[in-house]
Amino acid sequence: MDPDAVAKAFVEHYYTTFDTNRAGLANLYQDTSMLSFEGQKFQGTQSITAKLTSLPFQQCKHGITTVDCQPSGPAGGMLVFVSGNLQLAGEQHALKFSQMFHLMPTPQGSFYVLNDIFRLNYA
């Protein structure tokens, strides 16, 4: 398993799904998962999905600038750090963001998001 390839594939899948069908992100989280979104904490699939689907915009497009990853612990986890731009429909300027994912392996051979931290980067 090439961690960089896994991270790249995950990031592509996550943001494509976020931009086209946010509710479809639910299967990436589990009941033990936690999201910190601009300082607010949400735990569990339902709570996280409710937050993501209730964001005050319908359409957006993520542009990824960097993806960094590291293996994490003996269980085969992975840290993925992403930076990029978030373009909201009808807005002239893109917002800069950073997001960190702690991915953990599933028994089926894929990964789920154990921890997810999102922040907008203000100049």
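Here the structure is shown first, and the text comes after it.
Predicted model, so just to flag it, every value in this text is computed and none were measured.

*Asks:* Looking at this model, I keep getting lost on the nonpolar core. Mind explaining?
*Replies:* Proteins that are soluble and globular tend to have nonpolar side chains buried together. By size, the foremost hydrophobic cluster in this structure holds 31 residues, and its most contacted members are Y14, V80 and F101. Looking at this core, the elements with two or more residues in it are α1 (3–20), β1 (29–37), α2 (45–53), β3 (60–72), β4 (77–88), β5 (95–105) and β6 (111–121). No other element matches α1, which puts seven residues into this core. Contacts of F101, omitting those with residues within four sequence positions, involve F10, Y14, Y15, M78, L79, V80, V82, V113, N115 and D116.

*Asks:* I would appreciate a short explanation of α1 in the present structure.
*Replies:* Residues separated by three or four positions in an α-helix point in the same direction, a consequence of the helix having 3.6 residues per turn. End to end, α1 covers 26 Å across 18 residues, agreeing with the expected 26 Å (1.5 Å per residue, within 8%). Turning to α1, its buried residues are V6, A7, F10, V11, Y14, Y15, T17, F18 and D19. Elements that come into contact with the buried residues of α1 comprise β1, α2, β3, β4, β5 and β6. Capping the start of α1 is the job of one residue whose side-chain oxygen sits 3.2 Å from the backbone nitrogen of D4: D2.

*Asks:* Hey, could you run me through the sheet that holds β3 in this one?
*Replies:* Pairing between the strands of a sheet comes from backbone hydrogen bonds, and it takes one of two forms, parallel or antiparallel. Taken in spatial order, the six strands of this open sheet run β2-β1-β6-β5-β4-β3, and their pairing is mixed. Of all the strands in the sheet, the pair left with one neighbour each is β2 (40–43) and β3. In this sheet, adjacent strand axes meet at a mean angle of 15° when their direction is disregarded. Here twelve bridges tie β3 to β4, and the two strands are oriented antiparallel to one another.

Rules used throughout
- Residues numbered from 1 in each chain as written.
- Predicted model: local features only at pLDDT ≥ 70, side-chain atom pairs only at ≥ 80, totals over all residues.
- Heavy atoms only, no water.
- Core = buried A, V, L, I, M, F, W, Y, C linked by side-chain atoms within 4.5 Å.
- Buried < 20%, exposed > 50% of the residue type's maximum accessible area, 1.4 Å probe, protein only.
- Helix = DSSP H or I, 4+ residues; strand = E, 2+ residues; numbered from the N terminus.
- Contact = heavy atoms within 4.5 Å.
- Expected span 1.5 Å × (residues − 1).
- Polar contact = N/O pair within 3.5 Å; in protein donor to acceptor, adjacent residues only side chain to side chain.
- Pairing = 2+ DSSP bridges.
- Axes fitted to C-alpha atoms, helices over the stretch in contact; angles between N-to-C directions.

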